[in-house]
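# Coordinates in review
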Amino acid sequence: MSAAMLLAHHGIRALTVEHHRGTAIHPRAALISQRTMEVLRTVGLEGIVREQSETQFLQDGAIMAVETLAGKELAWFIANMNEGIRDVSPTIRLFITQKLLEPLMQRRALKLGADLRFATEMVSFEQDATGVRAVIRHRDTGETQNIRARYMIAADGARSGIREKLDIAMQGTGIFSKSITIYFRAPVGPLLRDRNLSVIYVYNPSVRGFFRIEKPYNTGFLVANTTGDMAHPNSDLWDLDHQQCEQLVRAGLGDDSVPIVVDDVMKWHGRADTAERYQVNRIFLAGDAAHCLPPYGGFNGNCGVQDAHNIAWKLAAVLKGHAGAGLVDTYAVERHPVGAFTAQQAYLRYVLREAKYLTTEGLPAMENDLNVELGYRYHSSAVIAEPDDDGRPHEHPRDAKGKPGSRAPHLWLEPNRSTLDLFGAKFALLGGPDAGDWLTATDALDVDAHKITNADFCDAYGITPQGAVLVRPDGFVAWRAKSSEANAHAALANALDHVLHRA
Ligand SMILES: Cc1cc2nc3c(=O)[nH]c(=O)nc-3n(C[C@H](O)[C@H](O)[C@H](O)COP(=O)(O)OP(=O)(O)OC[C@H]3O[C@@H](n4cnc5c(N)ncnc54)[C@H](O)[C@@H]3O)c2cc1C
């Protein structure tokens, strides 16, 4: 849905087929990162998403762990989802379920001109030197259609049939649990005891997993990963019946008097794996097809939205003839390391917060959530690195300071107008207060020029008042000139040619 919406935003005709008859019927993901909110802000959805999220969750909640919801508290990992992070973005982290978010994105995608076909499956595909040919079939009418496209995005989920057909292996931890999500109804409000809890890890001898509970606190789910002996647990829960699932919910709540109705149980694999390749010629893996992570940190769906955000502008630039075909190859170069890093960090959160039995020697360090959500850096030929570039794969967004390959920093330009609001369609050149030569250099280059007079701009973007920063349509810094140069127009034109793979 993200790819459909973002391609439509760039004016690209794309066809999206979805096996299901409509958008999500289960809540699934709910933690929406600031970066995803920034993408939604670009397409005009931030306001409605924030408004709708309030109907489901009290925002600014905590992530913590309990023995049982009624009983002992074990740890507070994050006291308030937005504490200490509001300055790095014009928007916030928030909770809204896929069930509520997807229809909002669908409506926006349709308004932007997307062609979305539900109850339609792709039954076969093949690619050649100039495009991809696919056969799609309507599930109800059985009607088939042959489709010819220049490119295909394989966003067909964790069990991706396209990935399998392309013979792409997964790399990482492999499957470590056969986990379940138990959707239930129960009046749990009193057990919350006025605590604003977004994610509640449960850790006791009967069950390990987490609760998420929706307003007005009569519905929610329990993710259960393991049961029994904590040191040698049972990690295959796929055979449990509804009654056993009810017992797990009860074991997590810790109150025998609460009536519980189990509505549905979803099965999924606990794993932290990335596809060994994100691209085979004209086909790109995105979302869960490209990376499968445990839902610890709330990273996986957000990472998928960022995959779509990265590939959409590149496809648009190539299809409109603004870029050379090689630009799309930078998708895999940029996104694969991010997928692998995000998988590693989600796995660490799972092991350290819940599955201590999986602890091994030499686990990597747990990085700040913001490094994962906003701080990953791209190193590819769609970026012009500086000679002293440290090549770091990620850093705290406050330290990025406009380095090529990092997300361009947020600064307020005026109330509710951020530097980030200057990006999203064309390339943008942001010049300091004395960068007149750079700003006029954009003439005839199809680049939006902005003189930024905010007192913090030069420091935030790592330039002098005479310098300028070239930002890609996805809000990542492509190139930077820290000061003035003799032939600004030629330097800028060269930078654009390089980044856009124009020979
Ligand atoms: C309990 C739980 C909590 C989570 N919480 C979070 C969270 O807080 N934050 C977060 O970021 N992520 C979270 N996630 C992860 C998030 O839900 C997924 O990463 C995200 O939904 C993946 O989206 P996707 O579009 O890549 O794949 P999917 O949602 O799996 O969509 C793939 C779609 O492709 C369709 N399809 C497959 N093959 C075909 C075909 N041949 N033809 C047509 N259609 C086809 C399928 O029907 C499916 O709808 C959570 C996951 C779980 C299980």
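Let us now look at the sheet that holds strand β3 (residues 62-66). Spatially, 8 strands are ordered β4-β3-β12-β13-β14-β11-β15-β18 in an open sheet, and the strand pairing comes out mixed. Of all strands in the sheet, those with a lone pairing partner are β4 (73-78) and β18 (291-292), marking the two edges. Relative to strand β15 (residues 261-275), strand β11 (residues 170-185) runs antiparallel, the two being bridged by 13 bridges. Residue pairing across strands places glycine 172 opposite aspartate 273, the latter belonging to β15.

This part is about the pairing of strand β8 (residues 132-138). Alignment of strand β7 (residues 120-127) against β8, held across 7 bridges, turns out to be antiparallel. Residue glutamine 127 lies in a different strand from β8, and its bridge partner there is valine 132. Here β8 pairs with strand β9 (residues 144-149) via 6 bridges, running antiparallel. In the strand pairing of β9, isoleucine 136 is matched with glutamine 145. Here β8 folds back onto β9, and the loop between the two strands holds 5 residues, one of which, glycine 142, carries a positive phi near 75°.

As a further point, take the pattern of salt bridges. Per the stated rule, a full pass over the model turns up 30 salt bridges. Two residues, glutamate 386 and lysine 482, come together in a salt bridge whose shortest N-O distance is 3.8 Å. Residue glutamate 386 is located in the loop between α10 (369-373) and α11 (397-400), and its partner lysine 482 is located in the loop between β24 (477-481) and α14 (488-499); the two are separated by 96 residues in the primary sequence. The class of glutamate 386 is buried, set by a relative accessible area of 13%. Relative accessible area serves as the criterion here: at 38%, lysine 482 is assigned to the partly exposed category.

Glancing now at the state of the cysteines. Inspection of the entire model under this criterion finds 0 disulfides. Take cysteine 292: it sits in no disulfide, and the sulfur closest to it among the cysteines is that of cysteine 303, at 11 Å. Cysteine 292 gets classed as buried once you look at its relative accessible area, which sits at 6%. On the accessibility criterion, cysteine 303 (6% relative accessible area) is buried.

Enumeration according to the criterion identifies 20 aromatic pairs in this entry. Summarising the aromatic geometry, the rings of phenylalanine 210 and tyrosine 296 are spaced 5.4 Å apart at their centres and angled 90° between planes, so their arrangement reads as edge-to-face. With phenylalanine 210 in strand β13 (residues 207-214) and tyrosine 296 in the loop between β18 and α8 (300-319), the pair connects residues that are 86 residues apart, well separated along the chain. When sorted by exposure, phenylalanine 210 lands in the same class as tyrosine 296, which is buried. A centroid spacing of 5.4 Å and a plane angle of 75° characterise the contact between tryptophan 438 and tryptophan 479, whose relative ring orientation is edge-to-face. Here the residue tryptophan 438 occupies a position in helix α12 (residues 436-440), and tryptophan 479 occupies one in strand β24, the gap between them amounting to 41 residues. Judged on exposure class, the residue tryptophan 438 and its partner tryptophan 479 are both buried. Following the ring pairs from residue to residue traces out a cluster consisting of Phe77, Phe176, Tyr183, Tyr201, Phe210, Phe221, Tyr296, Tyr347 and Tyr350.

Domain annotation for the protein reports domain 1 (2-54 + 87-170 + 272-369), domain 2 (173-271) and domain 3 (380-499). Placing a centre on the C-alpha atoms of domain 2 and another on those of domain 3 gives a separation of 47 Å.

So, about the layout of surface pockets. Approximately 320 Å³ is the volume found for the second largest pocket. Looking at the second largest pocket, it is lined by 18 residues, and the ones nearest its centre are His322, Ala425, Lys426, Phe427 and Asp446. Looking at the lining of the second largest pocket element by element, the count peaks at 3 residues for α8. Each of domain 1 (2-54 + 87-170 + 272-369) and domain 3 (380-499) contributes no fewer than three residues to the lining of the second largest pocket.

Conventions we followed
- Residues numbered from 1 in each chain as written.
- Predicted model: local features only at pLDDT ≥ 70, side-chain atom pairs only at ≥ 80, totals over all residues.
- Heavy atoms only, no water.
- Pairing = 2+ DSSP bridges.
- Helix = DSSP H or I, 4+ residues; strand = E, 2+ residues; numbered from the N terminus.
- Salt bridge = Lys/Arg side-chain N within 4 Å of Asp/Glu carboxyl O.
- Buried < 20%, exposed > 50% of the residue type's maximum accessible area, 1.4 Å probe, protein only.
- Disulfide = S-S within 2.5 Å.
- Phe/Tyr/Trp six-rings, centres within 6.5 Å; stacked < 30°, edge-to-face > 60°.
- Domains from an automatic or database assignment.
- 1 Å grid on protein atoms, 1.4 Å probe; cavity = no way out; pocket = protein on both sides within 12 Å on 5 of 7 lines; lining within 4 Å.
- Points joined across faces, edges and corners; volume = space filled by probe spheres on them.

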